[in-house]
Each structure stands twice: as C-alpha cells, then as structure tokens.
Amino acid sequence: MSDDEIILSELSDEELVQQMHDDLYDGLKEEIEEATHILLDRGWTPYDVLTKALVEGMRIVGIDFRDGILFVPEVLLSANAMKAGMTILRPLLVETGAPKLGKMVIGTVKGDIHDIGKNLVGMMMEGAGFDVVDLGINNPVENYLDALEREKPDILGMSALLTTTMPYMKVVIDTLKEKGIRDDYIVMVGGAPLNEEFGKAIGADAYCRDAAVAVETAKEFIRRKHNQLAAG
Amino acid sequence: MNNPLQDLLAKKGVLLADGATGTSLFAMGLEAGEAPELWNESHPERIDTLHQDFVDAGADIILTNSFGGTRHRLKLHHAEDRVFALNKRAAEIARSVADRAPRRVIVAGSVGPTGELLIPLGALSYEDAVAAFREQIEGLKAGGAEIAWIETMSAADEIRAAAEAAVAVGLPFVYTASFDTAGRTMMGLSPRDLPDVAGAMGDGPLAVGANCGVGASDILASLLDITEAAPNATIVVKGNCGIPEFRGAEIHYSGTPPLMADYARLARDAGAKIIGGCCGTSCGHLAAMRAALDEHTPGPRPTIETIVERIGPLRNKTASEAGGETGRERRRRKT
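What counts, and at which threshold
- Residues numbered from 1 in each chain as written.
- Chains lettered and ligands numbered in written order.
- Predicted model: local features only at pLDDT ≥ 70, side-chain atom pairs only at ≥ 80, totals over all residues.
- UniProt positions renumbered as here; feature names shortened; annotations may be inferred.
- Helix = DSSP H or I, 4+ residues; strand = E, 2+ residues; numbered from the N terminus.
- Buried ≥ 20, exposed ≤ 12 C-beta atoms within 10 Å, placed from the backbone.
- Contact = placed C-beta atoms within 7 Å.
- Pairing = 2+ DSSP bridges.
- Axes fitted to C-alpha atoms, helices over the stretch in contact; angles between N-to-C directions.
- Core = buried A, V, L, I, M, F, W, Y, C linked by C-beta atoms within 7 Å.

An unreviewed UniProt entry lists chain B under the name Betaine--homocysteine S-methyltransferase, with Rhizobium straminoryzae given as the organism. Per UniProt, chain B has the following entry under Cofactor (unreviewed entry): "Zn(2+)".

The name given to chain A in an unreviewed UniProt entry is Cobalamin-binding protein, with the source organism recorded as Rhizobium straminoryzae. Taken from UniProt, the Sequence similarities (unreviewed entry) comment for chain A reads in full: "Belongs to the methylamine corrinoid protein family."

Given below as structure tokens:
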C-alpha cells in the first residue's frame with residue numbers, strides 16, 4: 001500500500017509492465033485498460049503488450065491460484081481485468097497477424113449447469129494467448145461435434161462439477177472414437193469430482209485440476225504437437 | 001427453538017447421517033445428465049428404497065433427494081416451475097420412510113448450491129438467491145422436512161442466503177461446505193471461518209460442518225480445523241467414500257466399508273457429533289460406520305499424521321499449509 005497515487009503514464013515501460021502485473025493480480029480493470037492504451041501509444045506491438053504485460057501477469061496469478069494463495073473470487077477479478085485488456089488488443093492482434101498459440105473449444109457437459117470453473121479455464125487460456133470458443137453449459141455430444149467441425153480447434157475441453165454428470169465425458173470421447181476423430185484433438189477434462197485416474201479411464205489426454213494447470217498442460221501438448229509435426 | 005438434533009443427540013451422543021444420494025441413484029439406473037430430483041415424481045419407489053436402505057443400515061438422519069432443487073438448477077431440466085412440488089415430494093418420500101422406521105429418524109431437507117455466482121462476481125443478487133432458496137425450503141417443509149440441510153456450499157454469501165431463507169420459512173438449519181481447494185472451499189472459505197458465516201442468523205445453525213470435498217482423509221483434516229475453531233458447536237462431517245475411479249461405464253469410489261468405519265471413528269475422536277458419508281457411500285459402507293460408532297471406545301483427538309496413516313494420504317494441502325491471505329509481496333498498490 002502506498003499513499004502516493006501512481007500516475008501510470010509517468011512510469012517507464014518497465015515499471016508500467018510491473019505495475020500491470022500488480023494491477024492484474026489485484027483485478028483492477030480500468031487500470032489495465034489505461035495501461036494497455038499507454039503501451040500501444042508508446043509504439044508497443046499488440047503482441048508484446050499481450051505477452052509481456054497480460055500473459056505474464058496472468059501467469060503469476062495462475063501460480064498463486066495453483067498454490068492455494070488465490071481462490072476463485074480473486075482470479076475471476078483478475079481474469080475480468082485481463083479480458084478488458086484483451087478487448088482492446090484483439091482487433092489489433094488480428095490486424096497485425098500476431099502468432100497464435102492454439103485454439104480451444106470448451107463446454108460443460110450435458111446435465112450440468114456449472115460454469116464457474118469452465119469460465120475460469122476459458123479466461124486463463126485466453127490470458128495465455130489461446131483462442132477460446134465457449135459452448136456454455138449443458139452440452140450434448142452433438143454440440144461438441146458441431147463445434148469441432150466448425151472451429152477446427154487443437155483442444156477440446158470438457159467440464160463437470162457433479163458425480164452425476166462426469167460420466168458423460170466418456171460418452172463424448174467414445175463418440176469421437178466411433179467417428180475416428182478422437183486423435184485429431186487434445187482432449188482435456190476438469191471439474192471438482194474428477195481426478196487423474198478418471199481422466200485416464202475415460203480416455204482423455206489430460207485431467208487438469210485447475211485453470212492454471214490447464215494452461216500449462218495445453219501449452220505442453222501444443223509444443224509436443226508442433227515437435228511431432230516438425231519430426232514427421 | 002425446536003431442535004430435533006439436540007433431542008436425539010441427548011439420547012444417543014452421536015448421530016449417523018446417511019450416505020450418497022447421487023452416486024447411489026446411478027446404481028439404480030440414473031443416467032449421466034439426468035436430474036435426480038425428477039425421480040421424486042417419476043420413480044418415487046426408487047427414492048423410497050434409497051432412504052429405506054440407509055435407515056436399515058442405521059442412519060439417524062436422512063437427507064431428501066432435493067440437492068439440485070432450486071429453480072436455478074431445475075431450469076436446465078425445464079422444471080423451474082415445479083420447485084415447490086418436487087421438493088415437497090422429495091420430503092414426503094423421506095418422511096414416509098422415517099415415519100415407518102422402528103426408531104426416531106430425522107428428515108433433513110437437502111439444499112445444494114444454485115450453481116450461480118452472487119453479485120459482484122456473478123449475476124445473481126443476494127435477494128434473488130434468498131427467494132430461490134425460500135421457494136425450495138417451503139416445499140421441503142410442506143413435505144415434512146424438519147431441518148433445512150444446506151450442503152456442499154462454497155461461497156459464504158450463498159450460505160447466508162440459504163440460511164436466511166430457512167429462517168424466513170421457519171425451519172431450523174444446518175450448513176456444511178465442500179473444502180476441495182487447497183484445504184478451503186473453491187471460493188476461499190476456510191474451515192476455521194465456517195462457523196461464523198451464518199452463526200448469528202435466526203437462532204443460529206443447529207450444526208455446521210464439512211461434506212463432499214476431496215477424500216475421506218482431507219475432510220478429516222478440515223474437521224480438525226472446524227472443531228478447533230468452534231469446540232462447543234455441533235459439528236457435522238459427511239465425507240466422500242475415498243476417491244472416484246472409473247471402471248467400465250461406472251464410477252466407483254475407492255473407500256471400503258472398513259475404511260469408512262475407521263473414518264467414522266476418527267471423525268468421532270476429532271469432535272464430530274454427526275457423521276455420515278457423501279459421494280460413493282453405499283448402505284454397506286454406512287452399516288460399517290454404524291457398527292463402528294456403536295462399538296466405539298473414545299480415543300485421543302487424532303493428528304493429521306494419524307489420519308494419513310489410517311485413512312490414506314491427503315490429496316490437497318490443508319488450509320493451514322496453504323498460504324491464504326499472506327500471498328505475494330507487492331511493491332505498491334494504486335489507491
């Protein structure tokens with residue numbers, strides 16, 4: 001805490017980026033918007049603002065979330081602040097043809113209305129530089145199939161909070177297998193009652209215990225995929 | 001105030017609550033994604049069997065099949081206009097089982113989370129949350145529930161909303177939270193802070209505690225924190241039957257009846273007065289817990305080490321290990 005009001009525009013680039021990390025941590029949306037504009041005005045590329053300020057800031061938030069220092073309420077505020085910055089950057093990123101990490105389709109399975117964890121994963125994935133297509137809640141297998149066809153993502157993410165809905169993930173994965181498209185996607189699953197063993201048993205590529213782990217896992221899988229392509 | 005728990009506790013010293021509803025209904029044919037609450041109307045005989053099996057296994061308290069019975073949850077199944085009827089029916093089924101039991105069995109009306117985040121994090125106002133819980137609890141009361149049993153909660157404001165609804169309807173309440181994230185609830189509520197969340201609403205809760213969460217070991221660690229923070233309160237623990245595993249097309253929980261019996265003994269020694277099971281706890285497990293409690297010779301308050309040794313490793317950090325508010329050092333903060 002400081003008694004002095006910080007004037008963002010008076011900070012050096014380095015200090016401002018540090019301040020953005022702090023402001024993301026504290027979930028200060030307006031400050032993030034202001035700082036994003038300042039960096040762009042100073043001639044930063046949208047991609048640099050994204051990676052050095054927002055993605056790095058959210059990485060720090062992710063670590064403290066993973067370690068049980070931050071919880072859902074704080075991370076939601078951080079993610080909202082990040083989203084505000086992303087809203088400014090998104091059109092500019094498209095214009096400048098900035099590189100993309102990958103694309104994810106994500107949704108909560110049929111019978112389940114819980115979307116808090118799923119939203120967090122979506123926001124953290126966006127914060128890490130992924131394109132995210134959110135199918136919302138209560139998705140029957142058809143919704144996933146349509147979205148995979150339409151969006152051609154790298155990753156399919158499924159979420160369930162209830163023991164009564166988690167088995168539906170297997171229905172989706174089995175359907176992908178039947179159609180012979182299972183291996184076209186990295187399938188990640190998550191939700192409170194799930195665990196590693198469950199993820200394996202239903203044939204997912206990974207179980208992710210929280211949004212921070214989801215981001216790390218997604219990055220790792222995308223890296224491996226690129227290596228495979230390079231080797232093949 | 002009318003306190004059915006206290007009357008029975010005075011007689012028995014410790015009460016056995018029931019086991020799992022959702023996972024037990026799976027075993028009876030519930031499909032993934034189907035709403036258990038709709039079975040109160042479509043398959044009441046199966047719900048009756050579920051309760052009867054738990055009563056036969058020795059349960060002193062049975063929870064109605066109404067966990068997802070608020071309009072926010074039922075709207076997914078286009079049943080949001082049948083909240084009162086479905087909850088009333090849920091309570092009636094449990095009531096009839098309790099009334100024909102050869103001993104006193106308490107009917108507690110299960111009230112689960114709405115699945116929505118309250119303002120400012122989400123879109124649901126506190127007043128709307130109270131109204132949604134009130135609608136559900138009115139149905140439960142009309143069907144013969146004696147207690148509003150608010151469970152698997154994560155957010156303090158949602159607990160308060162449900163408690164306020166119970167007070168307004170005129171039912172005593174119990175609340176339990178799911179400590180599944182680094183020893184706290186997903187919203188960051190610690191076991192230690194739980195008793196104060198709605199401790200002063202109406203005449204106060206009849207009991208507070210933990211349910212669901214991660215495994216049986218983790219919930220016992222949460223229990224130690226709660227009983228330490230509120231040594232005089234009536235504490236509930238309703239833990240999962242180990243960890244879910246997927247075999248074939250079904251979920252099985254790793255806990256065996258002997259393990260759950262030992263969990264019940266440790267829960268008793270850790271200060272819980274009401275002990276039951278959550279996900280995966282079948283009537284076989286519950287019968288083992290009944291026998292364990294009936295034959296129990298009180299032991300010393302267990303330590304985390306004892307719990308790990310007897311029940312298995314913790315899956316998560318405990319609340320005291322996790323950092324909590326003492327997070328990262330910050331350079332400065334805009335004021």
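Moving on from the model shown.
Visitor: Break down the overall build of chain B for me, with residues and values.
Guide: When helices and strands are tallied, chain B shows 13 helices and ten strands. In terms of principal-axis extent, the alpha carbons of chain B reach across some 60 × 50 × 50 Å. Here chain B holds 335 residues, and the buried ones make up 60% of them. Long-range pairs, those at least 24 residues apart, make up 80% of the contacts in chain B between residues at least 6 apart in sequence.

Visitor: Please provide a residue-by-residue account of the sheet that holds strand β1 (residues 103-108) of chain A, values included.
Guide: Residue and element names in this part refer to chain A. An order of β2-β1-β3-β4-β5 is seen for the five strands of this open sheet, with the pairing classed as parallel. Single-partner strands in this sheet number two, and they are β2 (131-134) and β5 (206-207). Note: β1 against β2, four bridges, orientation parallel. If you follow Lys103 over to β2, its bridge partner there is Asp131. Docked against the sheet, helix α9 (residues 211-231) engages β1, β3 (155-159), β4 (186-190) and β5, running at close to 170 degrees with respect to β4.

Visitor: With reference to specific residues and values, describe the UniProt feature "domain: B12-binding N-terminal" (unreviewed entry) in chain A.
Guide: In this structure's numbering, the residues bearing the UniProt feature "domain: B12-binding N-terminal" (unreviewed entry) are residues 7-101 of chain A. Secondary structure within residues 7-101 of chain A divides into 76% helix and 0% strand; the distance between the first and last C-alpha atoms comes to 33 Å.

Visitor: Which residues make up the nonpolar core, and what values do they have?
Guide: Counting residues in hydrophobic clusters, the biggest one holds 181 residues, and the most contacted among them are Met124(A), Met169(A), Ile62(B), Ile150(B), Val174(B), Leu220(B) and Leu223(B). Every residue in contact with Ile150(B), bar those within four places of it in the chain, is listed here: Val111(B), Ile159(B), Ala162(B), Ala163(B), Phe173(B), Val174(B) and Tyr175(B).

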